[in-house]
Every structure is written in C-alpha cells, then in structure tokens.
Amino acid sequence: MSEPPIFTEELLDRCISCGFCLSACPTYALTGEEVSSPRGRINLMRALEEGRLPADDPTLAEESSFCLGCRACEPVCPAGVQYGPLLEEWRARQWPPRTRPLRLRGLLWATNRRWRVRALGLPRRHARRRRGPGPWLMLGCFERALFPAVSRLAARLVPGARVVARQGCCGALHAHNGELARGHELARELGEALPGVILTTSGGCAAHLAAVLGRDRVRELSEWLVESGAAASSGGARPDGAAASTGAAASTGAAASTGETGARPSETGARPSETWPRPSETRPRVGLQDSCHLRNANGVWREPRELIGRVAEYVELPSASRCCGAAGTYALLRPRDSRVILDAKLDEIAAAEVDYVVAVNPGCLRQLRQGLRRRGSATRAIHLAELLATLGD
Amino acid sequence: MTTQRPAGLAGAGLAGELAEIVGGDHVRTDAGALETFARDATPLHRATPDAICFPGETREVAAVIELAAERGIPVVPRGSGTNLCAATVPHRGGIVLSLTRMNRLLELDAANMVAVCQPGVITARLGEAAAERGLLYPPDPGSRATSTIAGNVATCAGGLRGLKYGVTRDYVLGCEVVIGTGETLRCGGKLVKDVAGLDLTRLLCGSEGTLGVITELTVRLVPAAAANATGVAYFSDLADAGRAVSQILAAGVLPVTLEFLDHTCLETVEEFAGIGLRTDAGALLIFGQDGAAEAIAGDMSAMAEACAQNNGFGVEIADSDADAQELLEARRAVLPSLSRRAPLTILEDASVPRARLAEMVQRIDAIAAEHDLLIGTFGHAGDGNLHPTCVVDPAQDGVLQRVEQAFAQIFAAALELGGTISGEHGIGLAKRDHLRSQLGDAHMRLLTRLKAAFDPADILNPGKLAS
Ligand SMILES: Cc1cc2nc3c(=O)[nH]c(=O)nc-3n(C[C@H](O)[C@H](O)[C@H](O)COP(=O)(O)OP(=O)(O)OC[C@H]3O[C@@H](n4cnc5c(N)ncnc54)[C@H](O)[C@@H]3O)c2cc1C
Ligand code: SF4
Ligand code: SF4
C-alpha cells in the first residue's frame with residue numbers, strides 16, 4: 001500500500017474487540033446496532049484503513065458524524081484504546097473541507113484567527129486583564145461571547161489568576177471537526193500566549209489542551225480549586241478575600257456596579273427578577289452534568305461534585321456522566337439526534353427536582369439551558385463558576 | 001478464514017423480504033454495517049454476512065427462520081458479540097439475527113425468586129434489577145456489563161462465582177425458543193420441579209445458536225448474601241497454591257472466589273498497572289467468601305491459615321470493601337495488561353480437574369517455552385478453569401502457526417489430565433477441529449443427529465460447535 005496511513009497504527013491495533021465499550025456508548029444505546037458502537041466504529045476505521053471500504057462509503061460518513069465524540073468508551077476499555085484521537089484522525093480523512101456543512105465552516109472560520117476570537121468577546125464583559133502569579137486564565141472562544149460572566153467569576157474564584165486579552169481558540173473545535181493539524185497548531189499558539197499552567201472553565205478545551213500541550217499544562221477550574229484548597233465553602237471565608245459588601249450584593253442578585261465582582265444573573269441567563277437562594281436560608285438541590293472530555297479524557301469528575309457539595313445539596317443525576325448531546329458541534333450538525341439524547345436527560349432532571357444543574361463546559365451549558373427553557377422547567381442550568389461565586393459567598 | 005457461501009443466496013430480494021418481516025428500519029445490508037458484524041471478540045476470525053436483521057418480537061424471529069429454512073440461508077443469532085470462540089462469525093454468509101432490540105426485562109417475581117426476560121437483556125442489568133429486590137443472579141462472566149442473557153445461556157457462561165454458585169445452566173428454568181423449522185416452543189417455566197418431557201432447556205445451554213433461537217428466558221434468582229470478604233496470598237510455587245486450594249476445600253469451606261495468577265501474569269500486571277504486587281512470587285491466590293458476617297470471618301481465617309500452612313506469604317484479608325476491590329483489581333487487570341504487550345491477544349480456557357491445576361500450568365509453561373511464546377495463565381483455581389493467554393505480534397514470521405501448535409498441545413494436555421478444551425468460552429468456529437478428539441465419534445454422531453432434529457435445513461449457525 002502506497003497510501004499514507006490514515007490512523008496511527010498503535011492506536012488502531014490496540015482494540016481487542018472485547019465489546020466492553022458497548023454499554024457505555026450513548027449512540028449504541030439509541031440503536032442497539034453494532035455499527036453505531038465504539039467497537040463497530042473501530043472496525044469501520046480498520047475497513048477504511050485496509051481498503052475494504054472506500055473513503056466515500058456512506059456508512060463511514062454517517063457513523064463518523066453520528067458519533068458524539070464523547071469518549072465515554074475510553075474509561076471502560078480494558079485495553080486502553082484512545083478512541084478520541086482515533087476519531088480525530090478519522091474525521092480528518094472523512095470530512096474534507098468542502099463537504100462540511102456551511103454552519104460548521106462558519107464556526108471554524110470564526111475561531112481560526114486570534115483577532116476573530118477576540119472580536120467575539122466584544123464588548124468585553126469577560127474577565128479583564130490582570131497580572132497575577134498564575135495560572136493563566138483561558139477566556140475561550142464562544143464562551144467569551146455566550147457566557148462572558150463565567151471567566152469573570154472564575155477570575156474572582158482564583159484571585160491569583162493571570163488574564164491576558166491576546167489569546168485565541170484552543171483548536172478543540174477544529175480537531176474534532178476534521179481539521180486536526182490546525183487544531184493542534186491553535187493549541188500550541190494558545191500555549192505560547194498563555195505560557196504557564198492554563199486555567200480553563202471549559203472541560204472540552206481542557207482535554208484538547210492536555211492532549212497537545214501535556215496534562216501538566218492544564219487545569220480545569222474545579223480541579224484547580226480542589227487542588228489549591230482555595231475553594232468556596234458554605235458560610236466560609238470568601239475565596240478571593242474581597243470585602244463582604246460585594247458579597248452581599250451578589251447574593252441578593254443585584255448586579256454589582258462594576259460588573260467585575262457580582263454575578264449578574266441577567267447576563268448568565270437568569271431572569272433579572274430572580275434572586276439567588278442564600279445558603280443560610282435554603283440549601284438548593286444541585287445536580288451536575290459532567291463534561292464528557294473532562295471526565296473521560298482528563299479523569300476529572302470528583303472535583304466538581306466535591307465543590308458543589310460544599311455549597312449546596314449535591315444530587316447525582318443518574319446519567320450525570322453521560323453525554324447531554326451538545327458534544328461540540330453535534331447539536332448544530334445533528335439537531336435531531338442531539339434532541340433525543342437531551343430529552344432523556346431533561347426527563348431525569350425533572351424527576352430529580354433539582355434547583356440547578358451545573359455544567360463545566362460552555363457547550364453543555366448552552367444545550368441544557370435551551371432544553372430547560374423549551375420545557376419551561378423551573379430548574380436552571382448554570383456554570384460551576386456561577387454557582388460557586390454566588391453560593392460560596 | 002475464507003468465506004464460503006452457497007451461490008446466490010443473498011440476492012437483491014433478501015433485504016426486501018426481511019424488511020417485510022421486521023420493518024425496513026431493522027434490516028441492514030450496507031457494506032459498512034456488514035463489515036462491523038463480521039467479527040465478535042475472537043481474534044483472527046472475520047467474515048461478512050449478507051444481511052443483518054433486528055427482530056422486535058418472537059413472531060418476527062419465527063418468520064425470519066421460516067424464510068431462511070425455505071431458502072437454505074444460514075442464520076447466525078447474535079447477542080452482544082462478546083464470545084471468544086468465533087461463534088457469531090458468519091463464515092458461511094447469510095443473515096445475522098441480532099437480538100439487541102428484544103431487551104426488556106418482563107418480570108421480576110420476587111416471591112417465586114425468578115426473572116422473566118427477553119433474550120437481549122444485558123446480564124448486568126438483570127443483576128441490578130435482582131439486587132434492588134435483595135436478590136442475586138449469580139452467574140457473573142467477566143463480560144457481564146455487555147453480554148446478553150441469551151448469549152450467556154447459549155454459551156453456558158461461567159464466571160468468578162462458579163465454584164460456589166455454579167454456572168449459567170444452573171439458573172435457567174425455562175425458555176421460549178424458535179427451532180430451525182420456524183416452530184416456536186416453550187420448555188420449562190417458573191417451577192423448580194418439572195419433569196414433563198425431556199429437559200430441552202438444559203440442552204439449549206451451551207448450544208451456541210445451533211439448535212434454536214432463544215426468544216424468552218426464565219431464570220432463577222437466589223437471596224443475596226449479607227456480606228462479602230476478600231483476601232490474598234502469594235506463593236513462590238504454584239504447586240503450593242494448588243495444595244492450599246485442596247486443603248481449603250477439604251476443610252469444608254466452599255469459597256465464592258478462588259482465583260489465581262501465575263508468575264507471568266503477576267509480572268505483567270505489575271509492569272503495566274503498578275499496583276504494588278510482589279513480582280518475586282510464583283503465584284498469587286485471591287480468595288473470598290460471602291454469606292452471614294460471622295460465617296465469613298471463620299471461613300476467611302481458615303483460608304488464610306491454609307495458605308500460610310502451604311508456604312504462602314504476604315497473606316492479607318481486606319478490611320473494607322474498598323480494600324477488597326483493590327485486591328480484585330489485580331485479577332481484573334490481567335487481561336488488559338497482557339493485551340498491552342503485543343497487538344494480538346489470544347485467550348483460551350482449557351480446564352482440568354482442580355487437583356491437576358499446578359501440573360497443567362507447568363505443562364503450559366513448558367509448551368510456551370518450546371514454541372518461544374509469551375503465555376500467561378490465570379483463572380479460577382477452585383474449579384480448575386484456566387485461561388492461558390498468549391500475546392504475540394502477528395506481523396512476526398510464522399508466529400501464528402506456532403501459536404496454533406502450542407494451543408493444540410495445550411488442549412491435548414488438558415484432555416490427558418482429564419480436562420476439557422473449553423471450560424466456559426465454548427467451541428464455535430475456533431475450536432471446532434479439536435472437539436472430536438475430546439468427545440469421540442459416537443458422541444459426535446449423536447450431536448449431528450440432534451442438530452438435524454432441531455434444524456433439519458441446517459440453517460442455524462451452521463458449521464459451528466458440532467455441526
Ligand atoms: C473480556 C471478556 C471476558 C469474558 N469473561 C467471560 C467469563 O468470565 N466467563 C464466560 O463464560 N465467558 C466470558 N466471556 C465470553 C462471553 O462474554 C460469553 O460467552 C457471553 O455469554 C457471550 O454473550 P453475548 O451476548 O455477547 O453473546 P454472543 O457473543 O453474541 O453470542 C454467543 C453465542 O450465543 C448465541 N446466541 C446469542 N443470542 C442467542 C439467542 N437469542 N438464541 C440462541 N443463540 C444465541 C450466538 O449464536 C453465539 O453462538 C468473556 C468475553 C470477553 C470479551
Ligand atoms: S472496550 Fe476497548 S478493546 Fe474492547 S472493543 Fe471497545 S475499544 Fe476495543
Ligand atoms: S465517543 Fe461516545 S458516541 Fe462515539 S463511540 Fe465513543 S462512546 Fe460512542
């Protein structure tokens with residue numbers, strides 16, 4: 001064979017076809033068909049690599065796109081198959097630029113250059129420039145446009161965090177959507193712009209950065225807070241040591257005048273009239289939606305639970321560790337499948353009667369928030385930073 | 001493996017006819033789908049089917065079988081495809097009949113301590129449902145999180161609790177089955193005692209889809225034990241571990257767990273998992289008991305003492321559940337650790353009477369050395385069920401022939417010691433050529449006649465097991 005290999009041989013060889021991953025896979029749960037299981041997809045990759053299926057085979061196209069990329073198949077795999085990297089290699093071959101849907105092309109374009117990413121964050125309501133001993137706070141690409149308060153509150157929770165405005169997208173979006181090389185390049189560029197330990201509020205970015213820059217270079221917010229022991233605790237001292245008066249402002253839900261210290265629920269999606277429950281009055285019931293990549297690739301899942309448990313009554317949702325259907329660009333590219341997966345989750349949230357569902361990744365936050373709104377649910381989806389900054393006071 | 005197919009069986013019409021039975025959404029004939037159903041968990045075997053169909057109810061299963069019988073099209077029933085004997089590889093093409101859609105737990109009758117379920121129910125789910133009612137479904141194959149209950153029955157799956165609780169066949173009370181003519185029958189039921197007719201339910205245990213398609217099962221549950229305990233002991237020599245096992249059983253203790261790892265496994269697990277195992281030892285024995293708390297304590301100390309008396313060292317009983325889990329981790333880590341040493345992992349399960357265990361492991365070591373192969377052996381010391389596992393790089397010249405020769409010798413050794421070529425994984429396609437040497441001609445002829453009685457058109461998983 002003169003064709004260069006599509007897949008890294010050691011990665012593809014690793015799978016022993018034991019089928020342990022089947023029960024963890026959300027798409028297999030939907031169809032019950034081997035083709036839409038991790039093992040099935042690895043066999044498809046092998047067929048592609050070995051030329052038994054042509055690159056334009058429709059099943060290859062369908063399955064490379066139907067896969068959520070949630071990597072739930074990894075922690076359960078006894079042979080240590082790294083499915084995430086395999087999927088990236090698969091999509092790099094399977095999704096040539098011109099065949100990509102317009103919506104996706106737009107996204108990749110917008111995040112491909114640092115100045116475009118910065119433009120997303122205008123007007124800047126995300127965390128302001130700040131010198132500190134570190135870590136280096138990552139502002140995100142879409143997060144800075146959609147949920148600017150998150151980075152602001154993260155900066156408050158980690159007072160030493162250093163914030164610079166000149167930073168782009170981490171490239172996870174590209175790596176997961178067929179532009180593997182660009183995805184790695186962007187991660188390295190970000191690694192240069194933020195030359196120390198990178199602190200992120202997005203589980204997906206954390207996993208991608210860890211894969212490219214090394215695990216040591218990345219800390220997701222909950223991980224950082226637990227490791228540094230500086231996390232919010234109910235009724236305890238404020239983590240950033242700020243004056244009590246600003247805390248009071250935040251806990252009544254009123255927007256602090258500076259926009260820098262208080263949680264402004266209006267910005268984070270809450271109705272302005274709503275007030276945050278104060279820990280002293282009620283202990284809200286709070287569930288969690290794991291970030292798939294944060295949990296499955298970086299092994300971070302205890303930390304957010306622990307932090308929530310310190311400020312609220314933590315409720316484990318039965319499928320907390322399962323994908324919510326946001327899955328990067330999935331909700332955009334396959335809205336129907338994404339809805340089916342989300343609906344089961346929303347039923348669960350309703351049954352659990354939680355006040356809040358916490359997300360640790362902007363994509364999940366958006367997905368849950370939209371789903372809950374559509375149902376007119378009383379439960380609200382918020383980012384971990386919002387919960388901690390508000391209830392931790 | 002080459003694919004040999006009767007000419008023209010697929011035809012363009014097959015997909016349409018199947019679709020008429022199960023609905024268009026539940027038939028696949030696209031090349032990609034066929035590719036993914038070409039394999040199960042068995043290495044080295046693959047062959048694509050002509051179609052896959054996913055029936056939703058017994059009636060549909062029967063109609064598919066009827067159609068296949070009329071045309072002489074092979075039908076390969078399939079659960080989760082985790083078997084290790086190529087039992088679901090469609091080497092003669094035809095239809096893969098996947099039962100994953102029929103996955104409802106129909107009834108959990110706590111009063112009669114039985115569960116009634118469709119064939120595609122996942123073993124672990126049945127276990128969880130039983131546990132919620134304070135009951136236990138004892139068979140626990142290592143694959144239980146993925147395997148289906150009908151797959152377990154059709155392979156008569158064992159597991160870690162085999163010595164004390166038996167294997168799958170000991171828990172199947174009744175079933176509904178579609179035989180090769182397309183007729184649907186029921187055998188057995190909720191009754192513990194029932195001698196009306198022959199025990200066809202038992203006959204179906206381990207039948208590997210060659211006699212009928214199981215469409216419903218009634219299984220027996222037992223009260224869950226109040227508590228569990230686990231311990232470990234090292235030995236410099238596996239023979240000592242074998243003597244400890246004999247002493248334990250002779251003392252009247254029937255442990256729930258009695259697992260061993262040989263030196264190769266110990267070394268490999270430690271190398272990859274780094275969980276603090278003593279690699280200077282020749283064998284590791286993991287022992288465990290369940291039951292009432294006081295009874296367990298007595299049994300555990302008796303077992304620890306038997307180990308110590310037979311030159312065991314590092315004997316330790318876990319204080320907590322978490323510690324026990326840690327001890328069992330070594331056992332669970334064996335296969336994955338071995339598999340990381342080379343691209344190809346071949347797991348076998350020759351078994352011998354318990355008293356010959358150490359002897360058998362020695363024979364395996366000698367055979368491995370003779371063929372210059374890396375074979376680690378672990379398994380169930382209590383019931384003599386061994387898992388000699390060979391890891392190789394198939395790219396190496398002539399290595400597969402060496403593996404084949406080595407395993408042929410291992411099977412021969414097992415038979416010589418009064419054992420079997422397969423304790424729990426089955427025969428399927430992978431070990432078919434070795435079956436006659438264990439069963440003999442008369443036995444094989446009877447199996448052939450039995451198969452013909454159930455499946456006159458020879459369409460049910462043809463070419464597997466004794467067919
Ligand atoms: C890592 C690993 C660990 C394992 N550990 C154990 C263990 O500890 N003990 C053990 O015994 N096995 C073990 N196995 C082997 C395997 O899991 C079992 O054989 C299991 O019972 C297969 O179930 P399945 O649903 O995957 O069946 P499949 O593999 O799909 O099928 C197995 C056989 O059953 C037949 N079959 C399936 N459904 C039906 C039906 N409805 N009607 C008729 N026939 C049917 C098939 O035709 C085939 O012959 C292990 C396998 C792996 C990969
Ligand atoms: S669990 Fe791992 S080794 Fe087993 S089939 Fe899935 S990917 Fe392959
Ligand atoms: S990444 Fe998620 S959806 Fe894709 S194969 Fe793995 S478990 Fe299934």
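Residues numbered from 1 in each chain as written. Chains lettered and ligands numbered in written order. Predicted model: local features only at pLDDT ≥ 70, side-chain atom pairs only at ≥ 80, totals over all residues. Heavy atoms only, no water.

**Things to note about the overall build of chain A**
- Helix and strand counts for chain A come out as 21 helices and 7 strands.
- The buried share of chain A, taken over its 393 residues, is 59%.
- Relative to all contacts within chain A whose residues are 6 or more apart in sequence, the contacts with residues 24 or more apart total 72%.
- Carbon and sulfur atoms form 53% of the exposed surface of chain A, whose accessible area is close to 15,400 Å². (Helix = DSSP H or I, 4+ residues; strand = E, 2+ residues; numbered from the N terminus. Buried < 20%, exposed > 50% of the residue type's maximum accessible area, 1.4 Å probe, protein only. Contact = heavy atoms within 4.5 Å. Areas by Shrake-Rupley, 256 points an atom, 1.4 Å probe, with all protein chains shown as cover.)

**Considerations on the site of ligand 1**
- Ligand 1 sits among 36 residues. The nearest are Pro77, Gly79, Thr82, Ser143 and Thr148 of chain B.
- At the site occupied by ligand 1, the surrounding residues belong to chains A and B.
- Gly142 of chain B is positioned such that a nitrogen or oxygen atom in its backbone is 2.9 Å from an oxygen atom of ligand 1.
- Within the contact set of ligand 1, an oxygen atom lies 2.4 Å away from a side-chain nitrogen or oxygen of Ser143 of chain B.
- Burial of ligand 1 by the surrounding chains reaches 96%, relative to a free accessible area of 980 Å².
- Secondary structure elements with two or more residues in the shell around ligand 1: β3 (75-78), α5 (149-155) and β10 (212-220) of chain B. (Near = heavy atom within 4 Å. Polar contact = N/O pair within 3.5 Å; in protein donor to acceptor, adjacent residues only side chain to side chain.)

**Comments concerning the sheet that holds strand β1 (residues 27-28) of chain B**
Residues and elements named next belong to chain B.
- Spatially, β1-β2-β4-β3 is the arrangement adopted by the 4 strands of the open sheet, whose pairing is mixed. Two strands in the sheet have a free side with no partner beyond their single neighbour: β1 and β3.
- In this sheet, strand β4 (residues 95-98) lies alongside strand β2 (residues 51-53) in parallel orientation, the contact comprising 3 bridges. Bridging across to β4, Cys53 finds its partner in Leu97. (Pairing = 2+ DSSP bridges.)

**Section: the interface of chain A and chain B**
- Between chain A and chain B, the residue contacts involve 28 residues of the former and 28 residues of the latter.
- Of the roughly 2,100 Å² buried between chain A and chain B on both sides combined, carbon and sulfur atoms contribute 51%.
- On the chain A side of the interface with chain B, the three residues burying the most area are Ile16, Glu33 and Glu34 of chain A, jointly 21% of the side's total.
- Taking the shortest distance from any N to any O, the salt bridge between Arg28 of chain B and Glu33 of chain A comes out at 2.9 Å.
- For the pair chain A and chain B, the interface holds 12 residue pairs in polar contact (both at pLDDT 80 or more).
- No other element matches the 6 residues that helix α3 (residues 38-49) of chain A contributes to the side of chain A that touches chain B.
- Of the residues that constitute the side of chain A that touches chain B, the class distribution is 12 nonpolar, 8 polar and 8 charged. (Buried area = accessible area lost by both parts, 1.4 Å probe. Salt bridge = Lys/Arg side-chain N within 4 Å of Asp/Glu carboxyl O. Nonpolar A, V, L, I, M, F, W, Y, C, P; charged D, E, K, R; others polar.)

**Digging into the nonpolar core**
- Among the nonpolar cores identified, the biggest contains 64 residues, and Leu209 and Leu387 of chain A are the most heavily contacted of them.
- Ranked by residues supplied to this core, first place goes to helix α21 (residues 384-391) of chain A with 6 residues.
- Structurally, this core is a two-domain feature, drawing no fewer than three residues from each of domain 2 (102-222) and domain 3 (253-391) of chain A.
- Apart from the residues lying within four places of it in its own chain, the contact partners of Leu387 of chain A are Val286, Ile308, Val311, Tyr356, Val358, Ile382 and Gly392 of chain A.
- Membership of the second largest hydrophobic core comes to 53 residues, among which are Cys307, Ile346, Leu417 and Ile421 of chain B. (Core = buried A, V, L, I, M, F, W, Y, C linked by side-chain atoms within 4.5 Å. Domains from an automatic or database assignment.)

**Focus on the sheet that holds β10 of chain B**
Residues and elements named next belong to chain B.
- The 5 strands are arranged β5-β6-β10-β8-β9 in an open sheet whose pairing can be described as antiparallel. Strands at the two margins of the open sheet, each flanked by one partner only, are β5 (105-109) and β9 (184-188). Neighbour to neighbour, the strand axes of the sheet diverge by 15° on average, direction disregarded.
- Summarising the sheet, strand β8 (residues 172-179) and β10 pair through 7 bridges and their orientation is antiparallel. In the strand pairing of β10, Cys175 is matched with Leu217.
- Its contacts with the sheet put helix α3 (residues 58-71) on β8, β9 and β10, and the angle it makes with β8 is roughly 45°.
- Packing against the sheet, helix α4 (residues 123-132) makes contact with β5, β6 (114-117) and β10, and its axis sits at approximately 35° to β5. (Axes fitted to C-alpha atoms, helices over the stretch in contact; angles between N-to-C directions.)

**Digging into α3 of chain B**
Residues and elements named next belong to chain B.
- An ideal rise of 1.5 Å per residue puts 20 Å on 14 residues; α3 measures up with 20 Å between its terminal C-alpha atoms.
- By the burial criterion, the buried members of α3 are Thr58, Glu60, Val61, Ala62, Val64, Ile65, Leu67 and Ala68.
- Directly after α3, the chain includes Gly72, whose backbone phi takes a positive value near 70°. (Expected span 1.5 Å × (residues − 1).)

**Concerning the packing of aromatic side chains**
Residues and elements named next belong to chain B.
- One pass over the structure, following the stated rule, counts 4 aromatic pairs over all chains.
- Seen from their ring centres, Tyr137 and Tyr171 are 6.2 Å apart, and the 75° between their planes marks the pair as edge-to-face. One end of the pair, Tyr137, is in the loop between β7 (135-136) and α5; the other, Tyr171, is in the loop between α6 (162-165) and β8, with 34 residues separating them in the sequence.
- With a centroid separation of 6.1 Å and an interplanar angle of 20°, the aromatic rings of Tyr234 and Phe313 are classed as stacked. Of this pair, Tyr234 sits in strand β12 (residues 227-235) while Phe313 is found in strand β15 (residues 313-317), placing the two residues 79 residues apart along the sequence.
- Residue classification places Tyr234 among the buried positions, given a relative accessible area of 8%.
- Overall, Phe313 belongs to the partly exposed group, its relative accessible area being 24%.
- Across the ring face of Tyr234, the terminal group of Arg278 is positioned such that the distance to the ring centre comes to 5.9 Å. (Phe/Tyr/Trp six-rings, centres within 6.5 Å; stacked < 30°, edge-to-face > 60°. Lys NZ or Arg CZ within 6 Å of the ring centre and 35° of its normal.)

**Section: the domain arrangement of chain B**
Residues and elements named next belong to chain B.
- Looking at the assigned domains, one finds that chain B contains domain 1 (14-101), domain 2 (110-223), domain 3 (227-334) and domain 4 (342-426).
- Look at where the C-alpha atoms of domain 3 and domain 4 centre, and you get two points 22 Å apart.
- Each partner contributes to the interface: domain 3 provides 14 residues, whereas domain 4 provides 16 residues.
- Both faces combined, the contact of domain 3 with domain 4 buries some 1,200 Å², and carbon together with sulfur accounts for 69% of it.
- Where domain 3 meets domain 4, there are 0 salt bridges.
- Along the contact surface separating domain 3 from domain 4 lie 5 residue pairs in polar contact (both at pLDDT 80 or more).
- At 5 residues, strand β13 (residues 257-262) tops the list of elements feeding residues into the side of domain 3 that touches domain 4.
- Looking at side-chain class alone, the side of domain 3 that touches domain 4 contains 10 nonpolar, 1 polar and 3 charged residues.

**Description of the confidence of the model for chain B**
Residue and element names in this part refer to chain B.
- Of the residues in chain B, 97% reach a pLDDT of 70 or more, and the chain-wide mean stands at 92.
- Segment residues 1-8 is flagged for pLDDT under 50; beyond a separation of four residues in sequence, or across chains, it makes 15 contacts in the model.
- Confidence metrics for the complex model read pTM 0.87 and ipTM 0.91. (pLDDT = per-residue confidence, 0-100.)

**Side note on the pattern of salt bridges**
Residue and element names in this part refer to chain A.
- Under the counting rule described, the total for this entry stands at 44 salt bridges over all chains.
- Between Arg305 and Glu316 there is a salt bridge, and its shortest N-O distance comes to 2.7 Å. A residue pair is termed long-range when its members are at least 10 positions apart, and Arg305 in helix α17 (residues 302-311) and Glu316 in the loop between β5 (313-315) and α18 (330-333) qualify at 11 residues.
- Note on Glu316: relative accessible area 44%, which makes it partly exposed.

**Focus: the site of ligand 2**
- Cys15, Cys18, Gly19, Cys21 and Cys77 of chain A are the nearest of the 13 residues found near ligand 2.
- Its residues placed into classes, the shell around ligand 2 shows 10 nonpolar, 2 polar and 1 charged.

**Thoughts on the side chain of Arg369 of chain A**
- By secondary structure assignment, the location of Arg369 of chain A is in helix α20 (residues 362-375).
- Within the local environment of Arg369 of chain A, its side chain forms a polar contact with the backbone oxygen of Ala381 of chain A, the two atoms lying 2.8 Å apart.

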